[in-house]
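Each chain, letter by letter, is given below.
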Amino acid sequence: MPYREREESVTLERMEAPLAGTEVEPDAELFTVNMGPHHPATHGVLRLLCTLEGEVVRDVVPLIGYVHTGIEKSCEDQQYWKAITFVERMDYLAYYFNAYAYCSAVERLLDEEVPRRAQYLRVVHMELNRIASHLFWLGTSALDLGAITMLWWALRDRDTILDLFEMSGGQRLHPRYFQVGGVMEDLPPGWAAKCLDFTKNMVARIDQYEALLNENQIFIERLRDVGIVPQERLRSLGVSGPLMRATGDPWDLRKTMPYSSYEDFDFKIPVGTIGDHYDRYRVRIAEMRESLKIIEQAVEGMPEGPFITPNRKVALPPRHELATSMEALIHHFKLVTEGFRVPPGEVYEAIESPRGELGCFVVADGSSKPARVHMRDPSFVNLQCLPDMARDELIADLIAGIAMLDPILGGIDR
Amino acid sequence: MIDATGLELIARSVRQAVGEGTVRDTIHAHGQATLDVAPESARNVLGFLRDHADEPFDFLASLHGCDYFPAEPRLAVHYQLLSTERRERLGVRTRLTVEAAEAGTLPTVTDLWATADFQEKETFDFFGVRFDGHEDLRRLHMPEDYEGHPQRRDFPIGGEPVLYTFNEHTTPRWYE
């Protein structure tokens, strides 16, 4: 077709129609916008390809792999007790949960009993970690929605938890406190009092957060009735954790399949009603209150006894024995140089992390290194519901959706 | 927790409903139950377990690959099913040779559970298991033009230069 003819065939009628005062809007054009991987609102290096129609999101494709570091592969080259350091770095806000999932999988392969005191110590640390993780989520999510005060408030209280971690495990992040068979050390003097002090203050702090956010018009308008995904669809997508409980499904592995003495504690499972962003926010806030209850019960009812299994084939002997006992020295030497061997087998161990079901699959081949370590990370699976959440809503709600999804890219990419 | 007898009952009902040769083995160890099924019938077995009225395993908790090198058949795909009603887990494992995995003998389960989409992509990326019928099977974590499947046991750890391979063909070994 000659150029002139083609030009004449273009009609501007539709474009001009609204200018002439009619009610008909021109068909908006679809365009694709790249968001990320470096974007402050994506909570990590998450890249989203958004198809937009004006300001309305028609489709989102999450692209991941920007922080893939091959942790699962690296674990295959480490002795069992050294791999704990690696798995902790997957979901970097819930490190105690990663370590627990891995350690309990190895304990199951070894058929190793964990002393009651160690189970309680693990529960205390995991619940503190849950609060720390939810606080970080609260601060960054509120920041995404324009409430910068929450970031300072939430991180201030998270710092108190990190102080407790530093006291007990020696590190603020990734303390490697959990060992196969128990925990690294008993609580230092003064820890329990400091922890109970924190739980007492934290109740008032959560009240403060709620006073700031629950009646905040902007916050409510941004969250209410936004990002609803039907429960059946979420179940098919494999979504678990607070996102699932926000729709009213009271599934929590701490209750349904108790592990690490969770059956000893009295706590409730908060659920939402319709599963919008507001429900997701309320469920997580309520979970923090329940975690505080568990911590108080566990610290006050802490059983006496050893904090790690007395089995010298798995756990290091106490330091003072090395000076007097030849056997202890041999065990110490064998454990540090070779590590312990695990009989062949494979297990899948699942626990409730702050983001949902965290599963750890370990295959042992009889040597002192795992043949395969796989983490079923809740962030990785939950990310698949983002397109359903954001479709046909405004792009500003996509940002709210990412915030309420609470993805941790270290866990997604591993 | 499914005990050894319960696992045999499930295996029997699967054999009756789906076919005699579908369940190759039953494994009950460390308090966990696993069915070993033939790759061709894996999808049918999983569909039966999901929809069977008495004991529906409605939730696919995890799907992941595994390499049992040097044992044969080398590769395996694990499905971790969860029954929210029974509050029990059931593992389904299917083992297949490298050739069979790359030829696409294992059907996809994305139509049964939408969650399998990412996890099958990941298994394809890391182990080279080609899921038959998956609509958009591509690499997920590794770059699109990456060669090899890094989670296989014969893939070496380390010694690999960090590449941003999109300009590698124009300026080879630019990173040195």
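What you see is a predicted model, and the numbers here were worked out from it, not measured in a lab.

1. Overview of the overall build of chain A
At step 1: A count of helical and extended segments in chain A gives 18 helices and 9 strands.
At step 2: With the principal axes as the frame, chain A shows a C-alpha extent of 100 × 50 × 35 Å.
At step 3: Per-residue burial for chain A yields a buried fraction of 58% across its 414 residues.
At step 4: Considering only contacts in chain A between residues 6 or more positions apart, those separated by 24 or more positions represent 70%.
At step 5: Working note: accessible area of chain A is about 16,900 Å², and carbon and sulfur atoms make up 55% of it.
At step 6: Positive and negative side-chain charges of chain A, numbering 44 and 63 respectively, have mean locations separated by a distance of 6 Å.

2. A short note on a nonpolar patch on the surface
At step 1: There is a patch of nonpolar side chains on the surface, built from Leu 143, Ile 148 and Trp 152 of chain A and spanning about 310 Å² of accessible area.
At step 2: Structurally, the position occupied by Ile 148 of chain A is in helix H7 (residues 148–169).

3. Let's talk about empty space enclosed by the protein
At step 1: Using the criterion set out here, one finds 3 cavities of 30 Å³ or more in the structure.
At step 2: In this structure, the largest cavity is lined by Arg 235, Val 239, Ser 240, Gly 241, Met 244, Asp 249, Trp 251 and Glu 357 of chain A together with Phe 59, Leu 82 and Thr 84 of chain B.

4. Some details on the side chain of Ser 240 of chain A
Residues and elements named next belong to chain A.
At step 1: One can find Ser 240 in the loop between helix H10 (231–236) and helix H11 (242–245).
At step 2: Relative accessible area serves as the criterion here: at 6%, Ser 240 is assigned to the buried category.
At step 3: Within the structure, the side chain of Ser 240 is placed 2.9 Å from the backbone nitrogen of Glu 357, a separation counted as a polar contact.
At step 4: What Ser 240 contacts, discounting residues up to four positions off in sequence, is Arg 355, Gly 356, Glu 357, Arg 376 and Asn 382.

5. Some words on the packing of aromatic side chains
At step 1: The tally for this structure, following the rule as stated, stands at 18 aromatic pairs over all chains.
At step 2: Plain terms: the ring middles of Phe 380 of chain A and Phe 118 of chain B are 5.6 Å apart, the flat faces sit at 40 degrees to each other, and that makes the pair tilted. Linking Phe 380 of chain A in helix H15 (residues 378–382) with Phe 118 of chain B in helix H4 (residues 116–127), this pair reaches from one chain into another. Across this residue pair, the class does not change: Phe 380 of chain A and Phe 118 of chain B are buried.
At step 3: For Lys 255 of chain A, the ring lying beneath its charged end belongs to Phe 267 of chain A, and the centroid distance is 4.3 Å.
At step 4: The positively charged end of Arg 95 of chain B is found above the aromatic ring belonging to Tyr 68 of chain B, 4.4 Å away from the centroid.

6. What to know about the interface of chain A and chain B
At step 1: If you look at the interface, chain A gives 43 residues, while chain B gives 39 residues.
At step 2: Summed over both sides, the interface between chain A and chain B buries roughly 3,500 Å², with carbon and sulfur atoms accounting for 55% of that surface.
At step 3: Of all residues in chain A, Lys 73, Tyr 348 and Gln 384 of chain A bury the most surface against chain B, accounting for 18% of the area lost on that side.
At step 4: Here chain A and chain B share 5 salt bridges between them.
At step 5: Between Glu 122 of chain B and Arg 414 of chain A there is a salt bridge, with its nearest N and O atoms 2.7 Å apart.
At step 6: Counting the contacts that link chain A with chain B gives 21 residue pairs in polar contact (both at pLDDT 80 or more).
At step 7: Considering only residue class, the side of chain A that touches chain B consists of 19 nonpolar, 7 polar and 17 charged.

7. Quick notes on the sheet that holds strand E3 (residues 56–63) of chain A
Residue and element names in this part refer to chain A.
At step 1: The antiparallel open sheet is built from 4 strands, whose spatial order is E1-E2-E3-E9. Edge strands, defined here as strands with exactly one partner in the open sheet, are strand E1 (30–35) and strand E9 (393–394).
At step 2: Both E3 and E9 contribute to a ladder of 2 bridges, which runs antiparallel. Counterpart to Val 56 in the pairing with E9 is Leu 394.

Parameters and conventions
- Residues numbered from 1 in each chain as written.
- Chains lettered and ligands numbered in written order.
- Predicted model: local features only at pLDDT ≥ 70, side-chain atom pairs only at ≥ 80, totals over all residues.
- Heavy atoms only, no water.
- Helix = DSSP H or I, 4+ residues; strand = E, 2+ residues; numbered from the N terminus.
- Buried < 20%, exposed > 50% of the residue type's maximum accessible area, 1.4 Å probe, protein only.
- Contact = heavy atoms within 4.5 Å.
- Areas by Shrake-Rupley, 256 points an atom, 1.4 Å probe, with all protein chains shown as cover.
- Lys, Arg positive; Asp, Glu negative; His and termini not counted.
- Charge placed at Lys NZ, Arg CZ, Asp CG, Glu CD.
- Patch = residues over 30% accessible without salt bridge, like charges linked within 9 Å, V, L, I, M, F, W, Y side chains within 5 Å.
- Salt bridge = Lys/Arg side-chain N within 4 Å of Asp/Glu carboxyl O.
- 1 Å grid on protein atoms, 1.4 Å probe; cavity = no way out; pocket = protein on both sides within 12 Å on 5 of 7 lines; lining within 4 Å.
- Points joined across faces, edges and corners; volume = space filled by probe spheres on them.
- Polar contact = N/O pair within 3.5 Å; in protein donor to acceptor, adjacent residues only side chain to side chain.
- Phe/Tyr/Trp six-rings, centres within 6.5 Å; stacked < 30°, edge-to-face > 60°.
- Lys NZ or Arg CZ within 6 Å of the ring centre and 35° of its normal.
- Buried area = accessible area lost by both parts, 1.4 Å probe.
- Nonpolar A, V, L, I, M, F, W, Y, C, P; charged D, E, K, R; others polar.
- Pairing = 2+ DSSP bridges.

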